[in-house]
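What follows is the residue order along each chain.
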Amino acid sequence: MTSSPFGRVLTAMVTPMSPDGAVDGAGVDALVEHLLATGHDGVVVNGTTGEASTLTDDESVETVRRVVEVGAGRLKVVAGCGSNDTAHAVAMARRMADAGADGLLLVSPYYNKPTQAGLVAHCRAVADATDRPVMLYDIPGRTAVPFAHDTLVALAEHPNVVAVKDAKGDLAASTRVMAATDLLWFSGEDALTLPLLAIGAVGTVSVVGHVTGSHYRAMLEAVDRGDLAEAVRIHRALVPVVDAIMSPSQGAIMAKAALVELGVIEHATVRLPLVESPPEHLEALRAALATLPTLKDA
């Protein structure tokens, strides 16, 4: 079985908030316990789904610190530290390491669209800042800056750069990088988790995993033992929930709504410019959650 310094079944955790928009510490605690109870051995905090772009630096760091304390060695905590300002990303990497994060998630700089040479320099600067293992986050749909093949090969030479969260959606490109490097590969797109596992990914950093963690654990274990038919059955059974959370609006919005439906957190509050789900999205979500199979039926 493949090992990973980040764990293998991770969810990009939402940041629970109270109706006034403040971070809900009790909700954070409850969510961590829920994830631990549903097959997770890792969690990403302060990522896209955690609404990192609208949290203050102090809120981000304190949320990581709280998750580390609640997890208490029971799961790996990967902290998002990305920024389109390299100096800010370096500073956040150091603060996240000081807060106890086991690893760092580093997205490519957004908006200012660096060259690939600039992307390499940015990532090396952040990777040099601490001794924590770094997972690169390739999501050009949000950043407009993909990690090119040669860039990933070059960054794989850095001793702290050990993994990629792949939300690019290009299985052929992923295969080529996996064949050329020792980078650990994680699915960053729920609809492609099984295809990525089938070509060599070691795990997932999910959004839908807020409500399907045990199913992803079972899927991963099925792949590990070579039972592709079982993995396919689970993959197909999860399609309605994946669609209901990822398609109507935005993952953070719908994941919070799903957690409220399941009674894990109290409020589905998100910060502007995000807004909560309209009634028709909630109706579709409830219908999809009702189809979620028990593991023995998946």
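The following paragraphs examine the structure supplied in this document. (Residues numbered from 1 in each chain as written. Predicted model: local features only at pLDDT ≥ 70, side-chain atom pairs only at ≥ 80, totals over all residues. Heavy atoms only, no water.)

### As for the packing of helix α11 (residues 239-246) against helix α12 (residues 251-261)
Rule in force here: Note on geometry: axes are lines fitted to C-alpha atoms, helical ones only across the stretch in contact, with angles between N-to-C directions running from 0 to 180 degrees. Helix and strand assignments come from DSSP, with helices taken as H or I runs of at least 4 residues and strands as E runs of at least 2, each series counted from the N terminus. Our angle categories are set so that under 35 degrees counts as roughly parallel, over 145 as roughly antiparallel, 65 to 115 as roughly perpendicular, and the remainder as oblique. Should any heavy atoms of two residues lie within 4.5 Å, those residues are considered in contact.
The geometry of α11 relative to α12 is characterised by a closest axis approach of 7 Å and an angle of 120° between their N-to-C directions. With respect to each other, α11 and α12 are oriented oblique. Residue-level inspection shows Ala244, Ile245 and Met246 of α11 in contact with α12, the latter providing Gly251, Met254, Ala255 and Ala258.

### Remarks on the pairing of strand β4 (residues 103-107)
Put simply, the rule is: Residue burial is assigned from relative accessible area. The probe radius is 1.4 Å, only protein chains are included, and a residue is buried under 20% of its type maximum, exposed over 50%, and partly exposed in between. Each pair of strands is called paired provided DSSP finds at least two bridges between the two strands. A clockwise path from the first strand over the helix to the second, with the strands pointing away from the viewer, defines a right-handed crossover.
Burial analysis of β4 places 5 of its 5 residues in the buried class, which makes it a mostly covered element. Side chains Gly103, Leu105 and Val107 of β4 all project onto a buried face; the interleaved residues Leu104 and Leu106 project onto the opposite face, where all are buried too. When β4 meets strand β5 (residues 134-138), the two strands line up parallel, connected through 4 bridges. Considered in β5, the bridge of Leu105 is made with Met135. For the handedness criterion, the β-α-β arrangement of β4, helix α4 (residues 116-129) and β5 is classed as right-handed.

### Re the side chain of Lys165
The condition is simple: When charges are counted, Lys and Arg contribute as positive and Asp and Glu as negative, whereas His and the chain ends are disregarded. Should a side-chain nitrogen of Lys or Arg be within 4 Å of a carboxyl oxygen of Asp or Glu, the pair is scored as a salt bridge.
Inspection of the secondary structure puts Lys165 in strand β6 (residues 161-166). Lacking a salt bridge, the buried Lys165 has Asp190 as its closest oppositely charged neighbour, with an N-O distance of 8.2 Å. Beyond its immediate sequence surroundings of up to four residues, Lys165 is in contact with Ala12, Leu105, Met135, Leu136, Tyr137, Asp138, Phe186, Gly188 and Val205.

### Quick look at unusual backbone geometry
Note that the residue after Leu272, namely Pro273, is joined by a cis bond; omega there is 15°. Along the polypeptide, Pro273 turns up in the loop between α12 and α13 (279-290). With a phi angle near 65°, Asn46 is a residue other than glycine that sits in the positive phi range. Along the chain, the position of Asn46 falls in the loop between β2 (42-45) and α2 (57-71). Assessed through its relative accessible area of 9%, Asn46 is described here as buried. Phi at Ala72 takes a positive value of approximately 45°, unusual for a residue other than glycine. Counting through the fold element by element, Ala72 comes out in the loop between α2 and β3 (76-80).

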